[in-house]
Amino acid sequence: MVSQPDTHPDSYYVATAIDMPTFDRLTEDVRADVCVVGGGYTGLSSALNLAERGYDVVLLEGRRVGWGASGRNGGQIGSGQRRDPEELEKEIGKAHTRALWDIFEEAKQIIRDRVERHNIPCDLTVGKMAVANKQQQVPEYKEHVELLQNNYGVKGIRFVDREEVCDMVGSTAFHGGFVDNESGHLHPLNYALGLARAARDAGVRIYEKTMVQSYNNITPSRIRTPSGSVTADFIVLGCNGYLCGLEPRVAGKIMPINNYILATEPLGEGGARALIRDNVCLHDSKFVVNYWRTSADHRLIFGGGESYTSQFPANLKSYVRKYMLRIYPQLQDTRIDYAWGGTLGVTMTRMPHFGRLQPNVYFAHGFSGHGIAMAGLAGKLISECIAGQAERFDLFATVKARTFPGGTLLRWPSMVAGMLYYSLRDKL
């Protein structure tokens, strides 16, 4: 795995982090029941759930807990997946789609339960809204709401027309949408740090600045790092967009992409509510999606733009600001206080990729922008599977993930070509 800095990159989230714990580097050879690789939501949730089941767990993080996408994302908690039920029903059938949906819904409750049980100060707030960029998308939004209400038992969702959207969003850029009051948003880094503290208190031995170099495919396995090793009966890979070459058998199933976010100066409560009346989080209907919300101190947190190489744009504030101004031109003179980027993992199907590599390696990745809820659920399902209750984990594992054309070597040019096509569609 590629070496990266040992400190959190600057962001609004780091500037407002609460009680950021630090953990030592692994400097010896240790034994555990389970070795978890990765200190983001997947790894932390896996470790915490396993420790609560009585397993002796070691977690290895190459940088800092919450360093990756778990500490840099847009903070949005949604229902379902990147793929809507309408699409999934055609591919895997109504029964399988409904079974997956019921588990998806549990993912949101897991967050609520963890925040309450561990007293995690992460500004958890109810409400999420999807808005349509094009008039021809409005009937699809209405049908989607009706499907969820009638076939999936979703009670907290409703359609909103153009007039109401303009009033709720403070922008004339959209033609309709829907509000989901069973979803919401939070401060993602503080949530990750809260999970880390809970895992530590449950007995998980967490090591930071401990990059995993390799492991062997026997039971028990030996997981090697530059300064020590872990011998464990099970391995959990929670690396997502930072998997790199650690596990070639699944690396070609995901594509790391970079996404970018800014935070404005504080706008005051009145200024924040003028942009988002009901303090929901939002995303639009573009393929390269824009997403935004306001923070507890009344800043606009706005995400827009992607790239597909290891290099970030030179001026992130200007790069993201242009997307923000297309929706909120009234913020032309508003100061941008922070801008940052991060890497997430997407799959060809935009569905998460869960699985087991024999004899004892479990993984979950490729959350495709739905990682806050889904990664937490993944950790719970992995813990169930290791404990011998594999039914729910296997329900996800049966959703096939396709390898990117050309594998890890040629997936980048293929992805860029595809994204350019969809970007053109967005503009048209």
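First, a word on scope: everything that follows refers to the structure included in this document. (Residues numbered from 1 in each chain as written. Predicted model: local features only at pLDDT ≥ 70, side-chain atom pairs only at ≥ 80, totals over all residues. Heavy atoms only, no water.)

Looking only at helices and strands, one finds 13 helices and 17 strands in the chain. Projected onto its principal axes, the C-alpha positions of the chain cover 60 × 45 × 45 Å. When burial is assessed residue by residue, the chain has 57% of its 428 residues classed as buried. In the chain, the share of contacts with a sequence separation of at least 24, taken over all contacts with a separation of at least 6, comes to 75%. Summing over all exposed atoms, the chain offers an accessible surface of approximately 17200 Å²; the carbon and sulfur share of this is 49%. One finds the centroid of the 48 positive side-chain charges in the chain at a distance of 5 Å from the centroid of its 46 negative side-chain charges. (Helix = DSSP H or I, 4+ residues; strand = E, 2+ residues; numbered from the N terminus. Buried < 20%, exposed > 50% of the residue type's maximum accessible area, 1.4 Å probe, protein only. Contact = heavy atoms within 4.5 Å. Areas by Shrake-Rupley, 256 points an atom, 1.4 Å probe, with all protein chains shown as cover. Lys, Arg positive; Asp, Glu negative; His and termini not counted. Charge placed at Lys NZ, Arg CZ, Asp CG, Glu CD.)

A word on the pattern of salt bridges. In the structure shown here, the tally under the stated rule is 22 salt bridges. Here Asp29 ties to Arg222 by a salt bridge, and the two come within 4.0 Å at their closest N and O atoms. Taken together, the residues span a long stretch of sequence, with Asp29 in strand β1 (residues 29-37) and Arg222 in strand β9 (residues 221-225) at a distance of 193 residues. Residues Glu105 and Lys108 are paired through a salt bridge, measuring 3.2 Å at the closest nitrogen-oxygen approach. Highlighted residues: Glu105 and Lys108, both in helix α4 (residues 94-117), separated by three residues, approximately one helical turn. Residue classification places Lys108 among the buried positions, given a relative accessible area of 2%. Where salt bridges share partners, they join Glu265, Asp297, Arg299, Arg335 and Asp337 into one cluster. (Salt bridge = Lys/Arg side-chain N within 4 Å of Asp/Glu carboxyl O.)

Looking now at the packing of aromatic side chains. Taken as a whole and judged by the stated rule, the model has 20 aromatic pairs. Seen from their ring centres, Tyr141 and Phe178 are 5.6 Å apart, and the 55° between their planes marks the pair as tilted. A residue pair is termed long-range when its members are at least 10 positions apart, and Tyr141 in helix α5 (residues 138-151) and Phe178 in strand β6 (residues 176-185) qualify at 37 residues. For the pair shown, Tyr141 and Phe178 are each scored as buried. Aromatic pair Trp292 and Phe302: ring centres 5.6 Å apart, planes at 25°, arrangement stacked. One end of the pair, Trp292, is in strand β13 (residues 291-294); the other, Phe302, is in strand β14 (residues 300-307), and ten residues separate them in sequence. This pair shows no difference in class: Trp292 is buried, exactly as Phe302 is. Taking NZ or CZ as reference, Arg63 lies 4.7 Å from the ring centre of Trp67, over its face. (Phe/Tyr/Trp six-rings, centres within 6.5 Å; stacked < 30°, edge-to-face > 60°. Lys NZ or Arg CZ within 6 Å of the ring centre and 35° of its normal.)

This part is about helix α3 (residues 85-92). Taken residue by residue, α3 has Pro85, Leu88 and Glu89 as its buried positions. The buried residues of α3 all sit within an arc of 105° when viewed along its axis, so they share a single face. With respect to the buried face of α3, the exposed residues turned more than 90 degrees away are Lys90 and Glu91. Turning to α3, the residues buried within the fold contact α4 and α5. Looking one or two residues past α3, Gly93 carries a phi angle of roughly 95°, positive in sign. (Arc of directions from axis to C-beta.)

Attention now moves to unusual backbone geometry. The step from Thr219 to Pro220 runs through a cis peptide bond, and the omega angle for that step is -5°. Counting through the fold element by element, Pro220 comes out in the loop between β8 (214-215) and β9. In the segment running from Gln358 into Pro359, the intervening peptide bond is cis, with an omega of 5°. In this fold, Pro359 is placed in the loop between β16 (353-357) and β17 (361-365). Within the chain, Lys209 stands out as a residue other than glycine whose phi angle is a positive 50°.

If you trace the backbone, Arg72 turns up in the loop between β2 (57-60) and β3 (76-77). Among the polar contacts made by the side chain of Arg72, one reaches the main-chain carbonyl oxygen of Trp67 at a distance of 2.8 Å. Apart from residues no more than four positions distant in its own chain, Arg72 is found in contact with Pro9, Tyr13, Trp67, Tyr242, Ile261, Phe312, Trp340, Gly341 and Gly342. (Polar contact = N/O pair within 3.5 Å; in protein donor to acceptor, adjacent residues only side chain to side chain.)

Here we come to the packing of α3 against α4. Two numbers describe how α3 lies on α4: the axes approach to 7 Å, and their chain directions differ by 135°. Taken together, the axes of α3 and α4 are oblique relative to one another. Each of Pro85, Leu88, Glu89 and Ile92 in α3 lies in contact with α4, whose residues at this interface are Lys94, His96, Thr97, Leu100 and Trp101. Its residues assigned to classes, the contact of α3 with α4 shows five nonpolar, two polar and two charged. (Axes fitted to C-alpha atoms, helices over the stretch in contact; angles between N-to-C directions. Parallel < 35°, antiparallel > 145°, perpendicular 65-115°, else oblique. Nonpolar A, V, L, I, M, F, W, Y, C, P; charged D, E, K, R; others polar.)

On to helix α2 (residues 41-52). The end-to-end C-alpha distance of α2, which contains twelve residues, comes to 16 Å, matching closely the 16 Å that a straight helix rising 1.5 Å per residue would cover. Of all the twelve residues making up α2, eleven are buried; the element is thus mostly covered by neighbouring parts of the structure. Those residues of α2 not exposed but buried are Tyr41, Thr42, Gly43, Leu44, Ser45, Ser46, Ala47, Leu48, Asn49, Leu50 and Ala51. In the stretch just after α2, Gly54 is the one whose phi turns positive, near 100°. (Expected span 1.5 Å × (residues − 1).)

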